[in-house]
Structures are given as C-alpha cells and as structure tokens.
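A closer look at the structure
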Amino acid sequence: MPDDETTLLEVGGLTKTFEVAAGASGRTALRALDGVDLTLGRGETLGLVGESGCGKSTLARVLLLLERPDGGHVRFSGVDPFTLRGKDLLAWRRRVQMVFQDPFASLNPRLNAAELIGEPWRTHRDLVPAGKRAARVRELLELVGLRAADAGRYPQEFSGGQRQRIGIARALALEPDVIVCDEPVSALDLSVQAQVLNLLGDLQAELGVSYLFISHDLTVVRHIADRVAVMYLGRVVESGPTEEVFGSPAHPYTAALLSAAPSLDAVREGGRERIVLTGEVPSPVDPPSGCRFRTRCWLAEDRCAQVAPVAEARPGEPAHHAACHLPLEPVVAGAPR
Amino acid sequence: MTNSPTTPPGKVSMLSLLARDRVASTAAVVLVLIGACAVVGPMLLGDLAVEQNLRAVNLPPFSIGAGWEFVLGSDSLGRSVAARLVVAAGTTMSVAVPAVLLSLTVGSIWGMWAGFHRGRRESVSMRIADVILSFPSLLLAVVVLYVFTPSVANIIAVLAVARIPIYLRTARAESAELQSRLFVDAARTFGTGSWATIRRHVFPTVLPTLLTVAAVDFCFVMLTESSLSFLGIGIQPPDMSWGLMVAQGRQELQTAWWIAVFPGLAIIGTTVSAAMLAAWARMAGDPGQRWRLTLPRRGRGKITARKGVA
Amino acid sequence: MLTFLRRRIVSSAIPLLVVILGVFFLARLTGNPANLYLPLSATPEMRAEFAARNGFDQPIIVQFGDYLAQLSRLDFGESLRTAQPAAEAVLQAFPATLQLAGVTMLLAVVGAVVVGSLAAYRPNSAADRGASFLSATAASVPDFWFAIMGVLLFSVTLGWLPTSGTVGAAAWVLPVATLLIRPFGVLVQVVRGAMVSALSAPYIKVARSKGAGDQRVIFGHALRNAAAPALTVAGDLAVGLLNGAVVVETIFGWPGIGKLMIDSILQRDFAVLQAAVLLTALTIFALNILIDVCYALLDARVRQGVAA
Amino acid sequence: MTSPFRPTSSARFRAPRATVLVAAGAVLLTGACSVGGSTADAPGDEVRIALPEEPPTLEPCDASLTATGRVTRSNITEPLTEREPTTGELGPKLATEWEQTAPTSWTFTLREGVSFHDGSAFTAEDAAFSIDRTVSSDIGCNVDGYVFGDSELTTNVVNDTTLEVATAESDPILPLRLSFVEIVPAETDAEAKVREPSGTGPYRIETWDQGVSLRLARFDDYWGTAPPFAAARYVWRGEGSIRAAMVTSGEADVAVGLAPADGAGDRAVEYPNNETSYLRIDATKAPLDDIRVRRAINYALDKEGLVASVFSGLGEPAAQVVPEGVTGHNPDIEPWPYDMAKAKELIQQARADGVAVDTAITIIGRNGIYPKAAEAMEVAQNSLLEAGLKVDIQMLDVNAWMEYLLRPFPSDAGPTLLQAQHGNQAGDAAFTMGQIYGSEGAQSSYGTPDLDRLIEQAELASGPDRQEKFTEALAYQNDEVVRDAVLAHMTGIIALSPQVTYEPNSATNDEMRLAEMRPAN
C-alpha cells in the first residue's frame, strides 16, 4: 500500500444507496456501495474489477462528484472534495478527470473535435489563454495519436477508437493528476483496445498521471494496472498488487473470475480446476447477509452467513488484502514469472 | 460553429450553404421581403392603404383599369388590397414577432432549466404550465380588455403568456432527456455550471425542435390576433393587420374572396417560409446532417440511400 | 408505476385549485353581467335585485367561499343564460368535443408519424421538401377559411357531404378535416425534425451497420427516440383542441364545450364558465398524466433499445 | 331523432366516462349506424329552420330576447292581443275584445274553447296568472323590464271569460303592452322560469335535443286554423354563410339572420327588419357639447355611400330612429344631406369660438351589431377625419359595449360616438323616445328639459293627438337637440328553399310565425 506521501486519493467506508421503485408496494433502497475502501497513489494505476452491477460505475461517479455518497469519506490529497465550493471546487475539478465507457454518448455530436477538447477551458478560462487554445488542441490531438487536421471534424466522422482518443485528450486538457477510466475500452474492437491501452500507458509514463481503471475485463486490467481491487456487490473483496492478486487470488470470487477468463495463463498454469459460478449475482436491493458472496461460494460455511468478513492482509503479502473467512492458500512458489 | 478558426478548408459558411439551397434561400428572401415591407411599407403606402372610395368597392383583382393599386382588387370600402397588405405587414410583424419571441424565450429557458434540474423545480413548472393551458386564452383576453387598456403591448402579452407552456413543455421534455446523457455528465466533471451546460449542450440540441414549433406558431399568433379584434382587444382600425383583414374579409368570402384570401396567403407564406427555413436550419445546424446540403441537387436521394446502408 | 401515478395525481391537486381560483376571480374581472341579462330599460332596483339573486352584491371573498361550499356539494351553480344547472350544460357538451378531438388527434398522430417518417427518411429529398411545404401550409391555413371553402365545395357545389350537423358519418368529415389540418401540419414538422435528428444519431448508424432493415431502423429505433418531442407537442395540440374547437363547433353546429366556453365568456355566464374550465382542466391534467406515463414507458424502451 | 352523443335521454346526465380512444371507436360505430337517419319526414310535413343561435330558454316571459321570442311567440304561446306587423293594427288573439272602462282600468273579454298543450282549458284565471307572473313576480322576466318598466298592474278575474286589468297611472297603450305577455296555464311554476312551457299556440314542443335541434309539432286541439306544416325543426348555426348554404343545398327550408355576403343567391328574401342604425353623440363632453359640431357630424356622414357600399345597397338612409309604420313616425323629417363643405365650415366656426375640436373622439363600436359593423365605423371615422375632427375607433364585445350604452356610463370615457341600433318591436314611439332621448333614459347620454316635456305629453296622449305629439318631439330632437346621427333603416335577409313560401315582415326577427309558412305547392 502506498504511504501517505504518495497517496493521492483515499476512500474509506463509502456507501451509496439509491431509491428505486419496487412494484406497487413502494420504494426500496438499492445499496450500490456498501463500505468501499480504496487508495490510489501518485503515478499509479489501480485496476477496479467486478461483474456489471457491482457498483464500479457508481464509485466512479462518486469520485467525480456526480453522486453524493451517503456515508464514508473521500480524501484527495487529504481534502474532502464534497466540502469544497466555488473556486476551490473548480480547482479540484481540474485535478480529477474521467474517461467514459461510451465514446459515442460521451461526446456531444454537435461539437467538433477542437470544441470538444477545448470545452473544459470554457469553464477553466485561465488555464490556457484564448489565443493559444487552437495550438494546444493540436498538441493534444497529436499527443493522443490523432492528426492536428482532424480538429474540425465531428465525432460521427471518427471511428470508435478515435473518439475514445478524443475523450482522453479532453480529459487531459485540464492536466489532471487522476483520470478515472470507466471501462474505456469495452466498447471498442479488440485490435483498437490494445492501441488505446498502450496510449494510456504511454501518457502515464510521459505525464505521470494516476489512473483509476475500471473494467470487467481481467486481461485488460492485468495489462495496465499496478494494483487491483475486486468488487462484489458494493464491497471491495480483495485488493493488492496485480501480480499477487492475479497470481494467487485469496478470495474465492477472484479465483472464480480469473478462472472464467481462460486467456489468463497464470490460472491455468496454477493447476487449479476451472471454477464455474452458478446462479445470478444477487440483487443489491436485498443482498445476502454476512459475506455477500456466500450464496455462490463453494466453500461457504455457517459463519459466512452470520459475520461479514473484514479485509485482512495475507501472510507474507502485506499489501494483499482479502475479505474472506476462508481465504485460499497462496499458489506454490515457483509459479511462472 | 463552422466559423471557428479550426474550420478546415472545404467547409462552407452558413450563408453560402444557404445560397446553395434553392428552397431555403427562397424562404429567406420571402422573409426579408416581408421584413422590408413591414419597415418601409407604412411610410410609402400608409395613406393609400386607408384611402376609401365608396364608389369603387369590391373590385376584383387585376382591376388595373381603375389604377395600379387595384392589382389585388379593392375591399368593401374601396381601399387597395395590395396597399393594405403591404402596410399591414408592419403591424402584423410588430405583434407576431415579439409575441413568438417572448414566449419562445421565456418558455424555452424556463423549460430547459426545469428539465435540467428535474425534481421539484420540474414538477412545479409543469403544473404551472398545466394551469396556464387550462385557461381559455380568450378569458385572459377579456380580462385584459376590462382591467387594462387594449394596446399592442397587451395583445403581445396575452398571446405570449398563452403560448409559453408550449415551449416550456417541449424544452422541458428534451432537456430532461439530455441531462442524463453522458456528455452532460462529462461537462459536469469539468465543473461546468448548470446554466453553462444548458447553454452549451442542451440549448443547441433543443433549439431545432423549438424553432420548428415557433415557425408554425407564427400563423397561430397572427390568426389569434384577428379573433382578439372581435372582442375589441385586437388591432383597432384604421390600423390594419393581416389578421384583421382576414377577419373582416371572412364575411365576404363568397362574394369578394380576395379580401380575405390575400392576407390569408400572406400569413401562410410567412409561416411556410419560416418553417422551411427552420427545417433547413435544423439540418445546417446538425453536423451529422450538414453534408446533405452540400450535395448537388440531383441524385441526392440515391446517395443518401447508399450512404445509409453503408 | 402506481406510486408514480399516485404522486402525480396528488401533485395535480394544488394546480387544480389554482385553476378554480383563477377562473373564479378572472371571470369576475370581466365586468358585471347585469346589462346582458336585464332589459335595456332596467331600473336600479331591478339591477340590485339581479345582483342579490346571483350573489354579486356580496364581497368577492364571500362569493368565492360560497362557490367552494357549493363545489364541495358537487353543486356547480346555475347558468344565468339558460337557468339550467351548469354541470348539466357542461356534461352535455363535453362528450361531443371529446369525441371530435379524439378522432382528430388519432388521425393526426397516425398521419403525421407516417408522413413525417417518410419525409425524414431521405432528408432534403424532393419528397421531404414537398411534405414539409404541404404540412407547413396545412398548419397555417386559417381554419374557418378551410371550413367554409370545404362546405361550399363539398356540400353546396358537389353535394357529397352535409353542410353541418352531427348526424351520420358523413357529417364528421368536414369538422374532423378542419380540426385536423393544423395539428397534422405541426406534428408532421415535429416528427420529421425529430426523426431527422434521430436518424443521424450514432446508435441508428450502428443499427444500420448491423444490417437492420430500413423499416426496422426507422420504426424500431428512431421513432422511439423521435417520440418524445412529438408526444409533448401532440399533447399540447390535444389540449388546444379541447380548449379551442370553437371555430369548428360554431361553423358546423357541433354542440361542444369549446363554443359553450366561449359563449359563456362572452355572456359572462360565470357558473357555466367555471364548470367548463374545471372539467377541461381535469381532462387536461389527466391527459398530461397519461403523457407522462407514456414518457416513462417510452423512456424505459429507449434505454433498452440503446442497451440492446 | 338521436344524436350520436346521446343515444338515449337517460345518458344525458352521466359523466363522460369514455376515454378518447373508446369514444373514437364508438363514434365511428354509431356514426356509421345513423347514416341515412337524417332524412326528415316527407317534404311538406316538416319545415326546417336554421337559426343563428339556440334559444337559451323557451320561457315565454323572456320572449323579448330575440332568440327566445322568435321560437316561442305565436308558435308555442300566444298573448291576449296581437299587433299585426304589416298594418300596425292591434288584433284579437286570446282576448276577443277589450275596452278602457276607466282611465286606469281595462276590461278584456277572453276567447272560449281554447285549451293548453297540457290539456287544461284556458280561462281568465290563466290570463291573470300569466300577467302577474310576468309583471309582478320576482323571477326577473325580461319582458317586464322591456315593456312595463316599473309600472304596476293589478288583475281581477271577473269570471272565466272576463278579466280586469288596472294600472297605477293612465296608460293608453296597455293592450299593446299586453301583446308581449304570453299566456301560460296557471299550473306553471310561479317561483322559477320554465324552459319548456305549455301554451295555447298552434305548435307544442315535441323534442328539444339541447345543443342539437328543437322540434315543434302541430297541436291538434288548436283553437284556430290548423297550420300547414305538421312540424317544425329548428337547428342553429353560428355562421351566416353556413345557414345560407344549408338552404341552397336543401338541408334547410328557412335560414334566418343572413348578411348580403352570405351567398344565399336567389334564395335570399329581403325585408325591412324594423331596425335603425345610428351614432349616439355624447353631447355632455367637449367638443360634442357644441351643437355645431353635432350638426357637422351629421353633414359629414355620407349615408347614401354607406348604404351603397358597406350595406351592399340594402337598407335606406334614415332621418329618425322611429321608422315608418310606428306610431309617432314623422314623415316630414328629411335625412341630413351629405355636405362635407358645410361640415368643415361648422367645425371651423366652432374652432374659432374656442371649442376643443382637436380633442380625440372615440367611436365605440360593437362587433356584429349588424353585418360589417367595423367597416361602417371606418367609413364614419374617415368622413369625420376629413371634416376636421380627431377620431379613434374601438370595437368591443357586447358586454363591454353595453357599459357605454346604458347608464351609468363609464366615468373615465372621453367624448364618444356610440355605434347603436334601435328596433321598435311594439310599434309605438313610447318604446323609443323616453329611454333613448329622455334626460334620464337608460340609453340616453343627453337630453333637454324641453324635449323631456314633449315626450311626457306624447306618452299620455292617445289617438291622433299621440301621433302628432310624438312627431313634434322627434322634429324638435332633430332640429334643436341633434343628439345622434341617424344612419339607415336596415334590411334583413332570410333565405327560403323552393319548398316553402313565407313572407317576412318587420316582426320576423322577433316573432317568426310558423303558421304563416306553407308548402310551395
């Protein structure tokens, strides 16, 4: 875990509940986040994985202040952004940006590339002087691998990958410290995915920006993340350095996820049997008691239903935490890599 | 938009885009002509339009023998229909344009605001719209007639208030849909304020629909103004408006059709021109559609079809 | 959905009260009706008696209190003009307008969706231009003009249709046509515009690129998205029809509420006016709730459509 | 006959439960079923009449309302006496004879063998009841104010066929006044108005499908000659050209209240409708308080031109508001000649004397008071501007206009010219002079003591003396008071189908006798 010096973003006990209409009976609470703890270091990439509906996107929206959490705290360089107002809030906005999942919907089709990339400057007027904006747009276009001549084109004239590059350029326009990437490549073709991922990697190397990289695709996360956090039903069940988590998962859910992604050679070579999860993800409106995963866990015992497990570091792997009463044993030493 | 410095060569300015489109440019020319009539008409033909000749009433159109001014015939008081048509453009526009603009502006800003914020602001606004819609606007007119003095400003106010809900509801509906779009979320992440977001993302998207409605609302306002004159709140003679001419000529539709038909055609012409221009503007303002306007006229349909499947 | 409905209905109660309040006070701002109902040579005593008989001599607040008390007993007062219960007059006239407006809106919406979609399918084509031109013309033709010309042509000259009246299907043709042209014209414009925008939206292109048939593209995806603005405008037009079928009702002798309402304004027949506005307001509120429900359904389907 | 809206009368008061869509379907079904149901009985059995508006009620004591009187009077109910519009003579109806037994008392002998539609026999009891109900009750009869003002009547039933009526003051034209009191059976509600009365007339109410149509059927026990048509069906259409079209297309036999431009073509029948249009001059305010200005206004108006153009040649330039045929008409008064030079000169003289002729005068017009009302005022405005006055127009709706027509007048109004029209239904100048020219008359903006005295003397006179005194008052008004600018005696138009013969007369507007209509062959 990064120490205080390098910690940029810290999230603790974050909860968020939505009210949803539930038939004729009235409204019910949907618990999207249920005590999430995370940290993100400077220049680091944290991968956040989980099945759809586990609360990943809600977390991203909370971090961007698009939603207000019910409980817990968010600290950005020690400051709670939800307490900020006016100029301070605007200054904070500059430091945290987002790349959206859908490159079609996240770009206003009525604006051209230059206007899209320059849009943040219309709010943050002093960042780039008006006279230099066109030049800066060209720089950014080239930085994300587009031609400067594309500035006058409209989103619908670009391919999906190119649009996502525009989205990234727009996020970079404010020179942020952190970019929250919400499934940035899931809408793209495989060949394009790699290009965009490499771009993100290059940009990190060049600009030193941190990523919170949300994805349901373990291959992608493994490719880009320094550390990973695994979410299940609004809780982080396991977190740690990518190698440790993917190399030898402690939580049964992580193991199941890895097993379901056959391209991950580590798992196969780990000699484990393929785990097939049965049943659907339980509804977040009425989550299971105790350990959220117990209804689908092949190891579940009585106490799993009674006591919610707390995250504990794995012996010998101090940065690797898992919230499980029955953590899996580490894979035998000598595993590849 | 296309005028921004980043516009690459090959893109054309709005004006030359308009010039390429025969229908839209005709519509624009018609509107400019009507505007010109409205401004200079009363000065040039003001006296001719009120000059009565009780010995030359109801002359049919093309009665050039009686004088050039009777090219569109004369009305039941022997006044030149052509001159009245030109002069009436001034009064008509001075009522219709402010009324439409006022209701369009107030209604759409209010509607976009309500739709963007949703929640209580939205539902209160919509209930207010319901209330206004529930009142017969004629009642409002009669009240104005009794409580205030009838004047052009009051006519405009009555018409505008009655039409605000139309724009309010339309803008609200689209705005509520847009505020949940990702690109609006993106704007929020930049810290863009709600009014700026509305201006930048909601307004340009909602505007075409509002303009479409406003264009056809023109005729509604012009005709409603004529029915207000029945109550005494409308344009008072010897001033004249197209609506008043239509209302007066109505009685003579069977014997002297030209008295009502020409002002009616003027109203239709104005509305149709405005509607065609609005349709063109919708296309010209939409980057996804603008290319269609740059195509040569012939074979446009085929190209579209092919492109559509591609 | 039921919760939504309940909340929506409850939230309409206050506006409805505002309507009742507004109509009551606005109506009384339009002048004392004594002159209309008394002979020209009426003496001051007769005027005083008239005022007393109708409660006009009371302070307006007291009058309003009495009115509310009456309302709570479902007593809507009596018409000054016909001495009939106002509720009776209004309930008699209302179905006629409702039927006329219903048929008209049904035809207008169906027609506008078809014509508007066809026009938007190939924007800027000759067919599109033609449809736009015709619909803009239709939207701006003075309705009484259309009505009288229709009567002269189809009834007097050709003898195909009755001039007026409500008896027989043929009698519906001209009134419906007259009432139809404007909403139809406006709706075609709106549907066309919304469809043009929807058809250029990225997901439609995606759907097209996935090889969805043309009809499916238009009617499956684009129409759902174009429906929102069209629905709003159609709702407002329907409200307009309820409130403003006066010309048609006057010309064709259609015993509807539009004419009743206008007559009661001109005749200062307050009880009838209040009852008529109350009933149309109720209908308008119900209509808007219905539209909101349609929205909610539409919204869900649009989302599904995008997600699919 | 049923409308598609209300298949049965029991459905009348039901709340409109049908939703729009269901209604649409139902309409198409019922509409389809009732095709062909509109064909009336064989021609000759029923006369179909298109009115401008539905009668608000058929209550006989409101019969001075045109819309009501046109249907009720002499068709459903009958009065004791009846004025013959063509001759002006008062003839017997339910009373066979009458005489003035004292200055304030009259005795009427009533017709025998008359029965009401409800089967009861007509007696003096019913006549007394009807007079009391109309004149003395609290139900607010329109006829009461119109005909009797605040005068009181006392009835005394002598026997079944003899009725005495006493007045507070001598009233030489009481029998004429009583021709406006329609007789209803004594069983009629005395506390409230009735919408569908019973009467002794040749027709009884058969069905009144409100909003749609009204059908009267021949009353088989009618005391007089049976009328030619077995039934009459009234429908109402607000648009004149539609009423005319109904006759030309064969949907109606009679169309009432048409304008020249409504297109009735050769079906149109013109008749003097007893109305006279005039501009009332508010002589209490400068500059109209100067008689030269009032005279100038009269000289400036081109009545011939107005009639020829605006009124399409119908009507006749008028000299006085009392038309020919009405007791008191003065045949010696000539219409003011059109003399613009004289008008200008008079205005100049007034200006020279310091009269504020530059004060803006407002013409208060009323839309629809007669066809092309606004145009008529534009012509007047044009002439007065030429004469050197400043004139604006304001066209109002009926209620707003009435604020100016009737006392008390709006206090904040400047000098006004009021567009007005007067019709003397009763045929005696007493129904005109007091209220229009008297200093305190309800519709009078200005009067002089001398004129008041002349009118008062005329009202108390009878016989040839009465005629002469009214003539004198009218002449004095025209020469020395000049309170108004009379424009024209108006002409009405009805349309008749080839199936019907009917001769409209000056009373047709207020009292359209079905018995006078007969099949053409």
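Bear in mind the structure is a predicted one, so any value in this text is a computation, not a measurement.

Bringing the pattern of salt bridges into the picture now. Residue and element names in this part refer to chain A. If you walk through the whole model with that rule in mind, you get 58 salt bridges over all chains. Here D34 and R31 are joined by a salt bridge, their closest N and O atoms 3.0 Å apart. The salt bridge involving E44 is made with R227; its shortest N-O contact spans 2.5 Å. Placement of the pair is E44 in the loop between strand 2 (27-41) and strand 3 (45-49) and R227 in strand 8 (residues 227-232), with a sequence separation of 183 residues. Here E44 falls in the buried class, since its relative accessible area comes to 10%.

All names here are of chain D. Among the seven residues in strand 14 (residues 360-366), five count as buried, and that is most of the element. In terms of strand pairing, strand 14 meets strand 15 (residues 390-396) through seven bridges, oriented parallel. Paired with I364 across the strands is Q394, a residue of strand 15. Viewed along the sheet, the connection from strand 14 through helix 10 (residues 373-387) into strand 15 turns out right-handed. Both strand 14 and strand 16 (residues 416-423) contribute to a ladder of three bridges, which runs parallel. By the bridge assignment, I364 is partnered in strand 16 with L418.

What follows is about the sheet that holds strand 10 (residues 312-314) of chain A. Residue and element names in this part refer to chain A. Here we have eight strands laid out as an open sheet, ordered 5-6-7-3-8-9-11-10, and mixed in their pairing. Since the sheet does not close on itself, it has two edges, and those belong to strand 5 (96-99) and strand 10, each with one partner. On average, each strand axis in the sheet is tilted by 25° relative to the strand beside it, whichever way the strands run. Bridge analysis of strand 9 (residues 235-241) against strand 11 (residues 317-322) gives two bridges, and the strand direction is antiparallel. Note that in strand 11 the partner of S239 across the bridge is H321. Each of strand 3 and strand 7 (210-215) is contacted by helix 6 (residues 190-207), which is oriented at about 160° to strand 7, the strand it contacts most. Sheet strands in contact with helix 9 (residues 252-260) are strand 8 and strand 9, and its direction is about 105° off that of strand 8.

Turning next to the interface of chain B and chain C. If you look at the interface, chain B gives 62 residues, while chain C gives 64 residues. A buried area of about 5,500 Å², summed over both sides, lies between chain B and chain C, and 69% of it is on carbon and sulfur atoms. Remark: the boundary between chain B and chain C carries three salt bridges. Here D21 of chain B and R129 of chain C are joined by a salt bridge, their closest N and O atoms 2.5 Å apart. Across the chain B-chain C interface, the total number found is five residue pairs in polar contact (both at pLDDT 80 or more). By residue class, the composition of the side of chain B that touches chain C is 36 nonpolar, twelve polar and 14 charged.

With 26 residues of chain D at the interface, the matching set in chain B holds 25 residues. Summed over both partners, the interface of chain D with chain B buries about 2,200 Å², with 46% contributed by carbon and sulfur atoms. When the area that chain D buries against chain B is broken down by residue, the three leading residues are A261, E375 and E378 of chain D, summing to 24%. The tally of links between chain D and chain B comes to two salt bridges. Of the charged contacts, one joins R79 of chain B and E378 of chain D as a salt bridge, the two residues approaching to 2.5 Å between their closest N and O atoms. Across the chain D-chain B interface, the total number found is six residue pairs in polar contact (both at pLDDT 80 or more).

For soluble globular proteins, the rule of thumb is that nonpolar side chains tend to be buried together. Membership of the largest hydrophobic core comes to 301 residues, with the highest contact counts inside it found for W242 of chain B together with L80 and I297 of chain D. The contact partners of W242 of chain B, leaving out residues within four places of it in the chain, are I34, L85, A88, A89, T92, M93, M222, P263, A266, I267 and T270 of chain B. Counting 92 residues, the second largest nonpolar core, distinct from the first, contains A151, V196, L199 and F293 of chain A.

With that settled, consider the pairing of strand 5 of chain A. Residue and element names in this part refer to chain A. Side chains V96 and M98 of strand 5 all project onto a buried face; the interleaved residues Q97 and V99 project onto the opposite face, where all are buried too. Pairing of strand 5 with strand 6 (residues 178-182) involves four bridges; the strand directions are parallel. Across the sheet, the residue bridging to Q97 is I179, located in strand 6.

Procedures and definitions
- Here the residue index of a chain counts from 1 through its sequence in written order.
- Chain letters start at A and ligand numbers start at 1, both assigned in the order the entries are written.
- A pLDDT threshold of at least 70 governs which residues receive local features in this predicted model, and a stricter bar of 80 or more applies before side-chain atom pairs are shown or counted, although totals over entire chains, interfaces and linings include all residues.
- The side-chain values count all of the structure's non-hydrogen atoms but skip hydrogen atoms and water molecules.
- For this document, the term salt bridge refers to a Lys or Arg side-chain nitrogen within 4 Å of an Asp or Glu carboxyl oxygen.
- Secondary structure follows DSSP: runs of H or I at least 4 residues long count as helices, runs of E at least 2 residues long count as strands, and numbering of each begins at the N terminus.
- Per-residue accessibility, obtained with a 1.4 Å probe over protein chains only, is compared with the maximum for each type, and a residue is labelled buried under 20%, exposed over 50%, and partly exposed between these values.
- Paired strands are those between which DSSP finds at least two bridges.
- A right-handed crossover is one whose linking path, passing over the helix from the first strand to the second, runs clockwise when the strands point away from the viewer.
- The axes used here are C-alpha line fits, helices contributing only the stretch in contact, and every angle between their N-to-C directions lies in the interval 0 to 180 degrees.
- Should any heavy atoms of two residues lie within 4.5 Å, those residues are counted as being in contact.
- The term buried area means the drop in 1.4 Å probe accessible area that two parts suffer when joined, counted for both and summed.
- Each polar contact in these results corresponds to two N or O atoms within 3.5 Å; when the atoms are within protein, one needs to be able to donate a hydrogen and the other to accept it, and residues that are neighboring in sequence are counted only if both atoms are side-chain atoms.
- Residues are sorted three ways: Asp, Glu, Lys and Arg are charged, Ala, Val, Leu, Ile, Met, Phe, Trp, Tyr, Cys and Pro are nonpolar, and all the rest, Gly among them, are polar.
- We define the nonpolar core as a collection of buried residues of types Ala, Val, Leu, Ile, Met, Phe, Trp, Tyr and Cys that are connected through side-chain atoms lying within 4.5 Å of one another.

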